[in-house]
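Breakdown of the fold
Below are the chains, spelled out letter by letter.
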Amino acid sequence: MRVAIGNDHAGYPLRAPLIELIESSGHQVLNFGTDTEHPVDYPRFAAKVAYAIRDGQADLGVVICGTGIGSSIVANKVAGVYCALCNDPYTSRMARSHNNANVIALGARVIGPALAADILKNFLETQPSNEPRHVRRRQQVQQIEAGTELTQE
Ligand code: RB5
């Protein structure tokens, strides 16, 4: 897989160990992050990852900032991007399996490198579930994204 990764200054310390994990798992890395801890604006870096997904340059994305919150908000503004903020491995597995998230957000001021690697490993190794209830719910998300109001049941 082609995995895009982007980080701001706060996310920078987590990037190297995560790139190592991605590459040692046999995937290709597209690096859009800033290369120092000098303060920068997280929207610019999260957006680059989201655009890479939208434009078909990457299959999955990783965005890293201090909390993961700002980056996840930014990524989810781009059509076709479904970003999940995950601080534990169960959530990252479910984000792929149930939600078919294609970007994961991580908070470098919240979790350490070993936990972040476990979280990302689960994300990379889990396939989206084809169970009809999950497919139906993901289609509803896409309808909302397209501006279709969901009928109440
Ligand atoms: C930077 O100080 C911090 O606000 C940013 O990395 C991120 O946590 C935003 O959500």
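Let me begin by describing the structure that accompanies this report.

Right, let's get into the site of the ligand. Around the ligand sit Asp8, His9, Ala10, Tyr42, Cys65, Gly66, Thr67, Gly70 and Arg109, and that is every residue in its neighbourhood. About the coverage of the ligand: the protein hides 72% of its 290 Å² of free accessible area. Here the residues of the shell around the ligand sort into three nonpolar, four polar and two charged.

All right, on to the packing of aromatic side chains then. Considering all chains together, one arrives at zero aromatic pairs under this definition. The lysine or arginine in question, Arg96, covers the ring of Phe123, its NZ or CZ lying 5.8 Å from the ring centre.

Let's shift gears to the pairing of strand E5 (residues 103-107). E5 sits mainly inside the fold: five of its five residues count as buried. Covered by surrounding structure in E5 are Val103, Ala105 and Gly107 together with Ile104 and Leu106, the residues of both alternating faces. Where strand E3 (residues 60-65) lies against E5, five bridges are found, and the strand directions are parallel. Residue pairing across strands places Val63 opposite Ala105, the latter belonging to E5. Across three bridges, the pairing between strand E4 (residues 83-85) and E5 is parallel. By the bridge assignment for E5, Cys83 is matched with Val103.

Another point: the sheet that holds E4. Taken in spatial order, the five strands of this open sheet run E2-E1-E3-E5-E4, and their pairing is parallel. Of all strands in the sheet, those bounded by a partner on one side alone are strand E2 (28-31) and E4. Looking at each pair of strands side by side, their axes are set apart by 25° on average, direction ignored. In the sheet, strand E1 (residues 2-7) pairs with E2 via four bridges, with the strands oriented parallel. Across the sheet, Ala4 pairs through a bridge with Leu30, a residue of E2. Sheet contacts for helix H1 (residues 12-24): E1, E2, E3 and E5; angle to E1, the most-contacted strand, approximately 170°. The sheet contacts of helix H2 (residues 42-54) involve E1, E3 and E5, and relative to E3 the element is tilted by about 175°.

Quick notes on the rules
- Residues numbered from 1 in each chain as written.
- Predicted model: local features only at pLDDT ≥ 70, side-chain atom pairs only at ≥ 80, totals over all residues.
- Heavy atoms only, no water.
- Near = heavy atom within 4 Å.
- Areas by Shrake-Rupley, 256 points an atom, 1.4 Å probe, with all protein chains shown as cover.
- Nonpolar A, V, L, I, M, F, W, Y, C, P; charged D, E, K, R; others polar.
- Phe/Tyr/Trp six-rings, centres within 6.5 Å; stacked < 30°, edge-to-face > 60°.
- Lys NZ or Arg CZ within 6 Å of the ring centre and 35° of its normal.
- Buried < 20%, exposed > 50% of the residue type's maximum accessible area, 1.4 Å probe, protein only.
- Helix = DSSP H or I, 4+ residues; strand = E, 2+ residues; numbered from the N terminus.
- Pairing = 2+ DSSP bridges.
- Axes fitted to C-alpha atoms, helices over the stretch in contact; angles between N-to-C directions.
- Contact = heavy atoms within 4.5 Å.

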